[in-house]
Structures are given as structure tokens and as C-alpha cells.
Amino acid sequence: MFNKMAQQLDLQTLGKGKKEFKITKQEFDDFCKEFLFEQIKGEINLGQSFCKKYNEPNYVLSILPDRSAKAHIKKFYVR
């Protein structure tokens, strides 16, 4: 599992040639509001929901707790 996480981080931070995916602050705020309904159901965490909605294959983000995932998204995906 650690090797998979390290590989994913390497691809995200050091990978060249991959177009960076970004969303606006407003899109992120809208996503967070939509996520409230999923959170109530308790079936999926914020990182998983983000990856699913935006078709972003980010294993590390998908396993982070919601608070950490939110900070990660703001840092790497919100322009």
C-alpha cells in the first residue's frame, strides 16, 4: 500500500507532461455543498467524492480524512 501511495505522489508532484486539473473557488464551494448530502449518507469521504466527480485518479486524496482532503484540494486543485 505504501508503494502505491508513493507512486501516486510521485506522479502528481513530479510527473511531467500531464495537464494540471484546476477548479475555481466557486466550483469548490459548490462541490462542498453538494458533498453534504453524500456525507449524511456516510457512504463516501470527501476525497473519494472529489475524485469521482472530477474523474481525477488520485489514490492519496481518496484515502485522506475529510479535513485533510479539503486542505489538499485547496492547495493542489483550486486556482
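Student: Mind laying out the overall build of the chain, listing which residues take part and the relevant values?
Tutor: When helices and strands are counted, the chain shows 5 helices and 0 strands. Going from N to C terminus, the chain has its helices and strands arranged as α-α-α-α-α. Burial analysis of the chain (79 residues in total) assigns 29% to the buried set. Taking as baseline every contact in the chain between residues at least 6 positions apart, the subset at least 24 positions apart corresponds to 53%. Working note: accessible area of the chain is about 5800 Å², and carbon and sulfur atoms make up 56% of it.

Student: Provide a residue-level description of helix 3 (residues 46-53), including the pertinent values.
Tutor: Taken together, the buried positions of helix 3 are Leu46, Gly47, Ser49, Phe50 and Cys51. Phi turns positive one or two residues past the end of helix 3, at Asn55, with a value near 50°.

Student: Before we move on, could you go through the pattern of salt bridges and cite the residues and values that matter?
Tutor: A complete count under the given rule lists 3 salt bridges for this structure. One salt bridge connects Glu20 with Lys22, and the closest N-O pair in it is separated by 3.7 Å. On the basis of relative accessible area, Glu20 is assigned to the exposed category, the value being 60%. A salt bridge links Lys25 to Asp29; its shortest N-O distance comes to 3.2 Å. Here Lys25 pairs with Asp29, and both are found in helix 2 (residues 25-41), just 4 residues apart, close to one helical turn.

Student: Before we move on, could you go through the environment of Leu36 and cite the residues and values that matter?
Tutor: You can see Leu36 is positioned in helix 2. In sequence terms Leu36 and Leu46 are 10 residues apart; their C-alpha atoms lie 9.2 Å from each other.

Student: Please provide a residue-by-residue account of the packing of helix 2 against helix 3, values included.
Tutor: One way to put it is that helix 2 packs onto helix 3 with a least axis distance of 11 Å and a crossing angle of 115°. Crossing handedness for the pair helix 2 and helix 3: right-handed. Residue-level contacts link Phe31, Glu34, Phe35 and Glu38 of helix 2 to Leu46, Ser49, Phe50 and Lys53 of helix 3. The residue inventory of the contact of helix 2 with helix 3, partitioned by class, reads 4 nonpolar, 1 polar and 3 charged.

Student: Account for helix 5 (residues 66-76), naming residues and giving values.
Tutor: Think of an α-helix as 3.6 residues a turn; residues three or four steps apart then line up on the same face. Listing the buried residues of helix 5 in full gives Ala69, His72 and Ile73. Seen end-on, helix 5 carries its buried residues on one side only, within an arc spanning 100°. Projecting away from the buried face of helix 5 at angles above 90 degrees are the exposed residues Arg67 and Lys75.

Student: Tell me about the environment of Glu56, residues and numbers included.
Tutor: Of note, Glu56 is situated in the loop between helix 3 and helix 4 (59-63). In this structure the C-alpha to C-alpha distance between Glu56 and Phe21, which are 35 residues apart in sequence, comes to 8.3 Å.

The rules behind each value
- Residues numbered from 1 in each chain as written.
- Predicted model: local features only at pLDDT ≥ 70, side-chain atom pairs only at ≥ 80, totals over all residues.
- Heavy atoms only, no water.
- Helix = DSSP H or I, 4+ residues; strand = E, 2+ residues; numbered from the N terminus.
- Buried < 20%, exposed > 50% of the residue type's maximum accessible area, 1.4 Å probe, protein only.
- Contact = heavy atoms within 4.5 Å.
- Areas by Shrake-Rupley, 256 points an atom, 1.4 Å probe, with all protein chains shown as cover.
- Salt bridge = Lys/Arg side-chain N within 4 Å of Asp/Glu carboxyl O.
- Axes fitted to C-alpha atoms, helices over the stretch in contact; angles between N-to-C directions.
- Left-handed = near helix turned anticlockwise from the far one by under 90°.
- Nonpolar A, V, L, I, M, F, W, Y, C, P; charged D, E, K, R; others polar.
- Arc of directions from axis to C-beta.

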